[in-house]
Amino acid sequence: MKRIIAGIIALLFFFTVSIVLNTDSQTVSGVPRYGEFDLSERNSHSYVTKSVNDTLKEVKFGSTIDAETGSANFVTSIVINYRSFDTLGEVTVLFLSATGVGLLLGGDKKRLLSPIKASPVVKTAAKIVSPLLLILGAYVFTHGHLTPGGGFPGGAIIAAAFLLLVMVDDEKRAPALLKVLEGSMGLAYILLGIGGLLISGSFLQNFLPTGVVGNLFSAGLIPIVYSLIGLKVGAELSGIVDDFVSEGGDNI
Amino acid sequence: MIQYFSLLLTAIGIYGLLSQKNLVKLIVSLNIAEIGVNLFIVSIGYIEKGLVPILSSENNSSTLLFVDPLPQALVLTSIVIGVGITALALAIIVTINHSKGTIDIDELIERGGAEE
């Protein structure tokens, strides 16, 4: 009976929102038709043309100098430059979550031992693959302003390298230095923000030259902040993995 | 079409949240609903024949037609927060299982707070 009511509620939700999707978007201002809208009518147009504060002009890849934000990846320019304060909040949420997991599961506990021993082939292969994964993670977060990716995916790849090592080695634990890295990276992000406040007049505003669009050393603060976030997220997720593998173990 | 699919995913997630008794299954339902909502938000920014919102040597001018990057940026935030919520919720469930010995909602309500 309860399941039937739950099903009816879910169906009602589906049909209600479907009806909203089917309304005429010319007369009712709501969700636009899928794939049919004019970008120049939206706020995002000024993010794409890099003209929030600057005048409107064409931005060319590889030749425009000192464009606003200077990032070739528009999503990154929004996440780290125009709406960097959101990202600071996001990093704080992830930090709180990692702290909560550590509070609930952590403590000085021994690791749970895996019931199946990893074979020497797997152990050797993991030792070869994990440094490559670390390099890939570093590549992804340092090229966040040029290619898809950025600090959060890069950090997740770094945590995956740690997870691989944890899975093959029963003795592996997260180094205590990770907590220090995590905290200091968050502190550095806030210090950069205060630097923007002092130099440019607004919290987290860019105060470095933005360079040529498309170069690795361009886009001002974006590569620096994304490297900080990548290291911080990598350390945080590795810490969460470490907390989960040590849950239920005996006290040391 | 993809918008109806994302709504269907959200509806499946809501059904799971309302009907399941197991706490881990509740977290799985929450994740399914979240994926549906994220997909829907990204689909709002889609333009017919729009390019990936990244300047490159092929798509080298800001006057080309790009899809809306703002929903993608918002969903990036949402995904990270979803990871945080899932990790914390699973940690709480592990702690509940240690102290109460069950993760079924009905059994937890029956036992109440009497058992420490």
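The structure under discussion appears in the preceding block.
Because the structure is predicted, anything quoted here is derived from the model rather than measured.

Chemist: Now, about the overall build of chain B: what can you tell me, with residues and values included?
Modeler: The secondary structure content of chain B amounts to four helices and zero strands. Principal-axis analysis of the C-alpha atoms places the extent of chain B at approximately 65 × 25 × 15 Å. Expressed as a percentage of the 116 residues in chain B, the buried residues total 41%. Partitioning the intrachain contacts of chain B with sequence separation of at least 6 by distance along the chain shows that 46% fall at a separation of at least 24. Counting every atom, chain B has about 5,900 Å² of accessible surface; 70% of that belongs to carbon and sulfur. Mean positive and mean negative side-chain charge positions of chain B (5 and 10 charges, respectively) differ by 5 Å.

Chemist: Residues and numbers for the interface of chain B and chain A, please.
Modeler: Interface extent is often summarised as the accessible area lost during association of the parts. Taken together, the contacts link 50 residues of chain B with 55 residues of chain A. For the pairing of chain B and chain A, the buried interface totals around 4,600 Å² over both sides, and the portion due to carbon and sulfur atoms is 73%. Counting every contact that joins chain B to chain A gives zero salt bridges. The tally of links from chain B across to chain A stands at six residue pairs in polar contact (both at pLDDT 80 or more). At the level of secondary structure, the elements contributing two or more residues to the side of chain B that touches chain A comprise helix H1 (2–19), helix H2 (23–44) and helix H3 (69–100) of chain B. Looking at the side of chain B that touches chain A element by element, the count peaks at 19 residues for H3(B). Taken together, the residues of the side of chain B that touches chain A break down into 30 nonpolar, 17 polar and three charged.

Chemist: Could you give an account of the side chain of A:Asp243, with specific residues and numbers?
Modeler: For A:Asp243, the position within the fold is in helix H8 (residues 222–245). Buried within the structure, A:Asp243 lacks any salt-bridge partner; A:Lys179 is the closest side chain of opposite charge, at an N-O distance of 4.7 Å.

Chemist: Outline H2(B), listing residues and values.
Modeler: Residues and elements named next belong to chain B. With 22 residues, H2 should cover 32 Å at 1.5 Å per step; its first-to-last C-alpha distance of 32 Å lies within 8% of that length. Of the residues making up H2, those classed as buried are Leu23, Leu26, Ile27, Ser29, Ala33, Gly36, Asn38, Phe40 and Ser43. Where H2 begins, the side chain of Asn22 points an oxygen toward the backbone nitrogen of Val24, at a separation of 2.9 Å.

Chemist: Any details on the packing of helix H1 (residues 2–22) of chain A against H1(B)? Residues and values, ideally.
Modeler: Two elements in contact, H1(A) and H1(B), have axes whose closest approach is 8 Å; the angle formed by their N-to-C orientations is 155°. Taken as axis vectors, H1(A) and H1(B) run roughly antiparallel relative to one another. In this structure, H1(A) meets H1(B) at a crossing whose hand is right-handed. Along the contact surface, H1(A) presents A:Arg3, A:Ala6, A:Gly7, A:Ile9, A:Ala10, A:Phe13, A:Phe14, A:Val17, A:Ser18, A:Leu21 and A:Asn22, while H1(B) presents B:Gln3, B:Tyr4, B:Leu7, B:Leu8, B:Thr10, B:Ala11, B:Ile14, B:Tyr15, B:Leu18 and B:Ser19.

Chemist: Please provide a residue-by-residue account of the nonpolar core, values included.
Modeler: Counting 33 residues, the largest nonpolar core has A:Ile80, A:Tyr189, A:Val225 and A:Ile229 as its most contacted members. Only helix H3 (74–82), helix H4 (84–105), helix H6 (151–168), helix H7 (177–199) and H8 of chain A together with H3 of chain B provide two or more residues apiece to this core. Top element by residues in this core is H8(A). It accounts for eight residues. If near-sequence neighbours (up to four positions away) are discounted, A:Ile80 is found in contact with A:Thr87, A:Ile222, A:Val225, A:Tyr226 and A:Ile229. Core analysis: the next-biggest nonpolar cluster, separate from the first, contains 12 residues, A:Ala67, A:Ala72, A:Phe74 and A:Val213 among them.

The rules behind each value
- Residues numbered from 1 in each chain as written.
- Chains lettered and ligands numbered in written order.
- Predicted model: local features only at pLDDT ≥ 70, side-chain atom pairs only at ≥ 80, totals over all residues.
- Heavy atoms only, no water.
- Helix = DSSP H or I, 4+ residues; strand = E, 2+ residues; numbered from the N terminus.
- Buried < 20%, exposed > 50% of the residue type's maximum accessible area, 1.4 Å probe, protein only.
- Contact = heavy atoms within 4.5 Å.
- Areas by Shrake-Rupley, 256 points an atom, 1.4 Å probe, with all protein chains shown as cover.
- Lys, Arg positive; Asp, Glu negative; His and termini not counted.
- Charge placed at Lys NZ, Arg CZ, Asp CG, Glu CD.
- Buried area = accessible area lost by both parts, 1.4 Å probe.
- Salt bridge = Lys/Arg side-chain N within 4 Å of Asp/Glu carboxyl O.
- Polar contact = N/O pair within 3.5 Å; in protein donor to acceptor, adjacent residues only side chain to side chain.
- Nonpolar A, V, L, I, M, F, W, Y, C, P; charged D, E, K, R; others polar.
- Expected span 1.5 Å × (residues − 1).
- Axes fitted to C-alpha atoms, helices over the stretch in contact; angles between N-to-C directions.
- Parallel < 35°, antiparallel > 145°, perpendicular 65-115°, else oblique.
- Left-handed = near helix turned anticlockwise from the far one by under 90°.
- Core = buried A, V, L, I, M, F, W, Y, C linked by side-chain atoms within 4.5 Å.

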